[in-house]
Amino acid sequence: MTKSEPSKVTGNLKSAQGAVKETLGAAVGAKQMESEGKATRAEGNTEVEAAKAKGYAEGAGDSLAGGLKKNVAKVTGNDQKEAEGKARQTKGDAKKAANK
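Residues numbered from 1 in each chain as written. Predicted model: local features only at pLDDT ≥ 70, side-chain atom pairs only at ≥ 80, totals over all residues. Heavy atoms only, no water.

Colleague: Help me out: how do you make sense of the packing of helix 1 (residues 8-28) against helix 2 (residues 31-76) in this one?
Modeller: Following both chains from N to C, one finds helix 1 and helix 2 inclined at 160°, their axes separated by 7 Å at the closest point. In terms of axis orientation, helix 1 runs roughly antiparallel to helix 2. Pair helix 1 / helix 2 crosses with left-handed handedness. (Axes fitted to C-alpha atoms, helices over the stretch in contact; angles between N-to-C directions. Helix = DSSP H or I, 4+ residues; strand = E, 2+ residues; numbered from the N terminus. Parallel < 35°, antiparallel > 145°, perpendicular 65-115°, else oblique. Left-handed = near helix turned anticlockwise from the far one by under 90°.)

Colleague: Before we go on, may I ask you to explain helix 1 in this structure?
Modeller: Because the α-helix completes a turn every 3.6 residues, residues three or four places apart line up on one side. Taking 1.5 Å of rise per residue, the 21 residues of helix 1 would be expected to cover 30 Å, and the 30 Å separating its terminal C-alpha atoms lies within 8% of that figure. When helix 1 is considered as a whole, its buried residues turn out to be Gly11, Lys14, Ser15, Gly18, Glu22 and Gly25. The buried side chains of helix 1 occupy one side of the element, clustering within an arc of 100° when seen end-on. Opposite the packed face of helix 1, turned more than 90 degrees from it, sit the exposed residues Val9, Val20, Thr23, Ala27 and Val28. Buried residues belonging to helix 1 abut helix 2. A distance of 3.2 Å separates the backbone nitrogen of Val9 from a side-chain oxygen at the start of helix 1, and that oxygen is part of Ser7. Phi turns positive one or two residues past the end of helix 1, at Gly29, with a value near 80°. (Expected span 1.5 Å × (residues − 1). Buried < 20%, exposed > 50% of the residue type's maximum accessible area, 1.4 Å probe, protein only. Arc of directions from axis to C-beta. Contact = heavy atoms within 4.5 Å. Polar contact = N/O pair within 3.5 Å; in protein donor to acceptor, adjacent residues only side chain to side chain.)

Colleague: What is the right way to read the pattern of salt bridges from this model?
Modeller: Oppositely charged side chains are able to pair whenever their charged atoms sit close together. Overall, the coordinates contain twelve salt bridges when judged by the stated rule. The residue Arg88 makes a salt bridge to Asp62 at a minimum N-O spacing of 3.2 Å. Within this pair, whereas Arg88 is found in helix 3 (residues 79-98), its partner Asp62 is found in helix 2, the two being separated by 26 residues in sequence. Note that Lys69 is salt-bridged to Glu84, the shortest N-O span being 2.9 Å. One end of the pair, Lys69, is in helix 2; the other, Glu84, is in helix 3, with 15 residues separating them in the sequence. For Glu84, a relative accessible area of 29% corresponds to the partly exposed category. Each of Glu5, Lys54, Glu58 and Lys95 takes part in salt bridges that share partners, so that together they form one network. (Salt bridge = Lys/Arg side-chain N within 4 Å of Asp/Glu carboxyl O.)

Colleague: Just checking my understanding: could you explain helix 3 for this structure?
Modeller: If you check helix 3, its first and last C-alpha atoms are 29 Å apart, about what 20 residues at 1.5 Å a residue would give, namely 28 Å. Among the residues of helix 3, the N-terminal cap falls to Asn78, whose side-chain oxygen and the backbone nitrogen of Gln80 are separated by 3.3 Å.

Colleague: Looking at this structure, how should I read the environment of Gly44?
Modeller: Its place among the elements puts Gly44 in helix 2. The contacts of Gly44, once residues within four sequence positions are left out, are Gly11, Lys14 and Ser15.

Structure follows, in structure tokens:
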């Protein structure tokens, strides 16, 4: 079985579940439950960070490719390709900003 792609949603869900379990374990004095909750929370936080890193890298790639396409099109006078490049660059910049 292959591991699925990291997800911010899944990671945040795991983190929240872990925090609840950790808090409940601490409240009732169940050290094992508290420890398991801590581990689950850490796993969720790690997944969120991995998803952000992946999204940022994808955004950087789109930004770079779009900027290159835009600049080549500008030199060759192709307005359509220039607009496409600018759109891809803008999309990449937005994806990077969303995954900082």
